[in-house]
Number of protein chains: 4
Amino acid sequence: MKQLNIGIIGAGRIGKLHAQSICYNVPTAKVLGITDVYKDHLPALCEELGIEKIYDSYVEMLEDKDIDAVLVCSSTDTHADIAIAAAKAGKHVFCEKPVDLTPEKVQAVIDTVKETGVKLQVGFNRRFDHNFATIRKMINDGKVGDVEVIKITSRDPEPPSAEYAAVSGGMFVDMTIHDFDMARFMAGSPITEVYANATCLVDPAIGEAGDVDTAVISLKFENGAIGVIDNCRRAAYGYDQRVEVFGSKGAACASNDTPSNVVLMDENGCTGEKPLYFFLERYMQSFRDEMLQFVDAVINDKEVPANVDDGLAAIVVALAAKKSVAEGRPVKVSEIY
Amino acid sequence: MKQLNIGIIGAGRIGKLHAQSICYNVPTAKVLGITDVYKDHLPALCEELGIEKIYDSYVEMLEDKDIDAVLVCSSTDTHADIAIAAAKAGKHVFCEKPVDLTPEKVQAVIDTVKETGVKLQVGFNRRFDHNFATIRKMINDGKVGDVEVIKITSRDPEPPSAEYAAVSGGMFVDMTIHDFDMARFMAGSPITEVYANATCLVDPAIGEAGDVDTAVISLKFENGAIGVIDNCRRAAYGYDQRVEVFGSKGAACASNDTPSNVVLMDENGCTGEKPLYFFLERYMQSFRDEMLQFVDAVINDKEVPANVDDGLAAIVVALAAKKSVAEGRPVKVSEIY
Amino acid sequence: MKQLNIGIIGAGRIGKLHAQSICYNVPTAKVLGITDVYKDHLPALCEELGIEKIYDSYVEMLEDKDIDAVLVCSSTDTHADIAIAAAKAGKHVFCEKPVDLTPEKVQAVIDTVKETGVKLQVGFNRRFDHNFATIRKMINDGKVGDVEVIKITSRDPEPPSAEYAAVSGGMFVDMTIHDFDMARFMAGSPITEVYANATCLVDPAIGEAGDVDTAVISLKFENGAIGVIDNCRRAAYGYDQRVEVFGSKGAACASNDTPSNVVLMDENGCTGEKPLYFFLERYMQSFRDEMLQFVDAVINDKEVPANVDDGLAAIVVALAAKKSVAEGRPVKVSEIY
Amino acid sequence: MKQLNIGIIGAGRIGKLHAQSICYNVPTAKVLGITDVYKDHLPALCEELGIEKIYDSYVEMLEDKDIDAVLVCSSTDTHADIAIAAAKAGKHVFCEKPVDLTPEKVQAVIDTVKETGVKLQVGFNRRFDHNFATIRKMINDGKVGDVEVIKITSRDPEPPSAEYAAVSGGMFVDMTIHDFDMARFMAGSPITEVYANATCLVDPAIGEAGDVDTAVISLKFENGAIGVIDNCRRAAYGYDQRVEVFGSKGAACASNDTPSNVVLMDENGCTGEKPLYFFLERYMQSFRDEMLQFVDAVINDKEVPANVDDGLAAIVVALAAKKSVAEGRPVKVSEIY
């Protein structure tokens, strides 16, 4: 197999991003075709990127023998069904997170992947980020010693609409899920218990919709380490994405990336730039690198670097966090699934 | 009153520090006399610093009409009794933290202070630290907006002996008490609930002595803000003292102080110095400034900047944290006292 | 014109870089063909990047009517002749620096460009670097005030071979030429006088070959500003590329870019990464952006952002620096050309 | 000798500073008496600091057998004569910089010191600064390798009045003299040649008074290293004091000290504080430490850490810099003295 032929299901923000990323930066793959429930914008995208085919539906795409792998970038509620159909059609699958909001459906995906033997990678792109991957490598190289405390700060520049907050499944499932995966990735161990101290301080409408927008989430890991994630749906200075891993030999700390490193010293002080605006700007390199590794895993039959078990683990922890807020107590992950 | 005449009760590490600090840096006060249960080292200290009197006991000191104020730097279990005796003798009191390990005894000090009308300041020196005081000023100036999340990292360079850990009342009472006060100071609001996720990862002997050495402590404040303190009794790189206050307009972050700001760029990377070693090095300026403000409060009849109510609040939260670990659940501060 | 058809002359390190950059990142251009004096490696490159044509020589390329513009990436001594031939053939030209080592030949290029009306951009890629472009924008926005002092630090990770040092025309022409252009770019004013304090401290063989490897170069600008460039052919910590512009309202400072921003705090101190290794790693984004702007200038008939007058100015200053070292005195640029 | 009895000659800003510094921070010394041409403010100062004697003149002070050492803090034009008189009276001398504006008079001080055998230390306080002393130690410890390039940035927050600029001997003698000493200190080698690229950009009145306010000064050292100092009499962001020493193994860089390390992240960016305002704030610790070492050198008969030869070297280089500007050429230091 020279170039992997990829079909993209869902051409929204993230689907388009992957399409561009593959066309410009992944020489080992080719976007053969695309589909979306809304089709008006597809011809322009296909012309820009040289994509040959527009399918009526993902079903049609899965019938195309030339397609080797699909990217599931559709709405969250369709992820699991499409992933299962794709696997049954013998296509390798890259599935955006979360795989599903219910552990049972994610389990069904796990089972299908096992039966069919296809590769399935979940879109935990942050594992591939240059800063976080560097920390993980330092841990692997023994520079941090035994991991004892994991700290993650994750704040969005602006809150979503209350409507979105409501349908997204809530902050833990929609936003913190990345941080839960990052915590597991850094700890090298499953999360066993969660206590979420969460509230609504940014937008009352979010609270009225039954969700929270600010949280401090305390974690226990199976290997004895502990951790904390702090989230906010709004930071006046932009997208705040920091990780600190503390261990017996030291601590590795990743700060924010900025558009430039220029500092202006003037009568106001010494001022550097705000962080890169949001995930598209901040994580561009990681979106490319996760795709390079997915394509490499398929072509060379390697393990995918973030599999559907990781997807299951993250959603289960997210649901434990929700239960923790509802009941005002620490919740064991095993209570959920 | 030209210079405040001060008597120091207890000439251990912290008592000596205050004696030197007053002699060299507080022109408005004079250390008139000193006492300690161990007296061998007192003459040398008095000669070095020009201290005139060595008292047999604090009782004798309190009878000396020339003494305006006393510093209670004796062992923790004697703080409250001495403070009460001093107040009844009409002496102003500077009392090291914790005032006592039981809320009831701290309450007795509060009552005595109220009756006698003396000033009593508690040794929460970190409020006076240049970094943390700058953050507090930024909050006051409205630069952070509404305070939403308070984050404190506090790690010691080396663990205490297990024996000390046992008799000190435990990490929360001995070490975290400073952080609880800092959290209240930054929030400008009482702590109402605590969940402590704590464990023993540094020294098993500490665990056997019934204490913890590593913790992530989740906080709720009366004003709706939330917070987190993370502690460890040992950091390979030294004394880690950071504070971050996040609000609706931005975040103010204090990092560690270092002996110099020199960075060496060589084949190993770009390396700056480790933090200042421990509290004596790190907080020297704050020990001086808390004393300047205490003396100023007495001489000019002002409010002390950290009073015995603050001392009570901190110990109550520390006890709530202990109960939280023991019972594996969030504990309301009102359950304690 | 939909896509600009580009021919690349010279497929060495920098030619290949531009080819990849255009294929992957410049949607408005297409590499139609390529040529090099060595042809063995061309088929593989063409297959990788989808380049259709391999020309026998640049002469053949210039005869191809489908070619709209050429990139001159051949050896320095051929730049001027090829640029002139290309311009006469009606092709737009992107010419790597230096345009030529003699001002007279660069003048001939200037004259031909004027006569033929083609666009010619010189490869001063650093103008497009995110850090330096940010400083330039701050100056334009008035944040620095009147520019008074320009400081540039430019150090390579490793010295070239003495042979290369000899044939390259020397450090000022080969390496500092970028810094001379940066100084002019930041000052917004020509350099009028140069005093080069230069020596050979890294490799005696470089000195024996008649060149220097370490220098502090003092500059005067026509607008009254002053400046300094410091160079070294070897830095133990890698490629050091910093710029500081000081003015009446403040100073804008760009530091080095690193592979990640992770800091490891351990018993050795707080260690960040070394700078990105060398120009390919450090300036990748600028190579892409200079090409985007060249293509945009051609397609939309705009001014090129670095023209052949800039190329002339830089080489003249470099020659003045050489003369300054030879004669041990400040040299007016007007003495050279 | 238990405590060194010190007399202070000149109770202006720097004399007062040393008086306070000794009283509060140098337990091994005592300020026995003080004198000044203006005497009105002396009683208050003496009362504040517990200084016993006010002398009519430095002559009277030198006759006092109880005085062991004097601090010469009078106006520059009197330094040399007083230092000579003090040495002849058998008093050890701490002399503020510059010792004199003429090399001949400094030589006369050198000769007298040699004859009388007293200690004489020159007030090059910056050698004792925590940042710069750390760099010097790194060089001594071999961490920088062979020193190749020394870079010093030294900018004042505000320009002096044109009158002061005129009588002070000019910027090089008044301000840069500290940097010339720092350059020698870091290089561990004499400066042999100076080229000063200097101009007047801050205040035209300074230019009319015959002085400069902005400069880039290129240096050659006897050991083959090269260097550069950049000065400005005004920086919008305050007192800018940075040093970088580059060598075969790496570079050690000192940045500015700030009142706190707090960074405010908000919609304007990530803003840290301006540098400490001016030399009194910035160099307080170094003023104390130079005094501690002077007292130690006298009491324990050690070498002083900055002697009158260092004072001579700095003034000679400053005069070479003036000549360089006047004649527009590099000037060998040996041309001056």
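Here, every reference points to the structure presented above.
All figures in this text were calculated on a predicted structure; none of them were measured in a lab.

Caption draft 1: Broad picture of the pairing of strand β2 (residues 29–35) of chain C. All names here are of chain C. Counting buried positions along β2 gives six out of seven residues, so the element sits mostly inside the fold. In this sheet, β2 lies alongside strand β1 (residues 4–9) in parallel orientation, the contact comprising six bridges. Each bridged residue has a counterpart across the sheet, and for Ile 6 the counterpart in β2 is Val 31. Here β2 runs beside strand β3 (residues 53–54); their pairing, made up of two bridges, is parallel. Bridging from a neighbouring strand, Ile 34 pairs with Ile 54 of β3. Once you follow β2 into helix α2 (residues 42–49) and on to β3, the crossover reads as right-handed.

Caption draft 2: Summary view of the interface of chain B and chain C. Contacts between chain B and chain C engage 14 residues on the former and 14 residues on the latter. Each partner contributes to the roughly 1,100 Å² buried at the junction of chain B and chain C, and carbon and sulfur atoms together form 62% of this total. Its largest share of buried area at the contact with chain C, chain B owes to Tyr 237, Met 265 and Cys 270 of chain B, together 41% of the area lost on that side. At the boundary of chain B and chain C, one finds zero salt bridges. On inspection of chain B and its partner chain C, the count reaches five residue pairs in polar contact (both at pLDDT 80 or more). Among the secondary structure elements, those contributing two or more residues to the side of chain B that touches chain C are β11 (240–247), β13 (263–266) and β14 (269–272) of chain B.

Caption draft 3: Quick peek at the sheet that holds strand β6 (residues 120–122) of chain B. Residue and element names in this part refer to chain B. Here we have six strands laid out as an open sheet, ordered β3-β2-β1-β4-β5-β6, and parallel in their pairing. On the outer flanks of this sheet lie β3 (53–54) and β6, each paired with one strand and no other. Running over the sheet, helix α1 (residues 13–25) touches β1 (4–9), β2 (29–35), β4 (69–72) and β5 (92–95) and is turned about 150° from β2. Together, β1, β4, β5 and β6 form the strand contacts of helix α4 (residues 76–88), whose direction differs from that of β5 by roughly 165°.

Caption draft 4: Local environment of the relation of the copies chain B and chain C. Rotating chain B by 180° about the axis while translating it 0.0 Å along that axis superimposes it on chain C, leaving an RMSD of 0.0 Å. One copy is carried onto the other by what is essentially a two-fold rotation axis. Relative to the rotation axis, the closest C-alpha in chain B is found at Thr 271 of chain B, a distance of 2.0 Å. Interface residue correspondence from chain B to chain C reaches 100%, placing this contact among same-surface, isologous pairings.

Calculation criteria
Residues numbered from 1 in each chain as written. Chains lettered and ligands numbered in written order. Predicted model: local features only at pLDDT ≥ 70, side-chain atom pairs only at ≥ 80, totals over all residues. Heavy atoms only, no water. Buried < 20%, exposed > 50% of the residue type's maximum accessible area, 1.4 Å probe, protein only. Helix = DSSP H or I, 4+ residues; strand = E, 2+ residues; numbered from the N terminus. Pairing = 2+ DSSP bridges. Right-handed = clockwise from strand over helix to strand, strands pointing away. Contact = heavy atoms within 4.5 Å. Buried area = accessible area lost by both parts, 1.4 Å probe. Salt bridge = Lys/Arg side-chain N within 4 Å of Asp/Glu carboxyl O. Polar contact = N/O pair within 3.5 Å; in protein donor to acceptor, adjacent residues only side chain to side chain. Axes fitted to C-alpha atoms, helices over the stretch in contact; angles between N-to-C directions. Least-squares fit on C-alpha atoms with pLDDT ≥ 70 in both.

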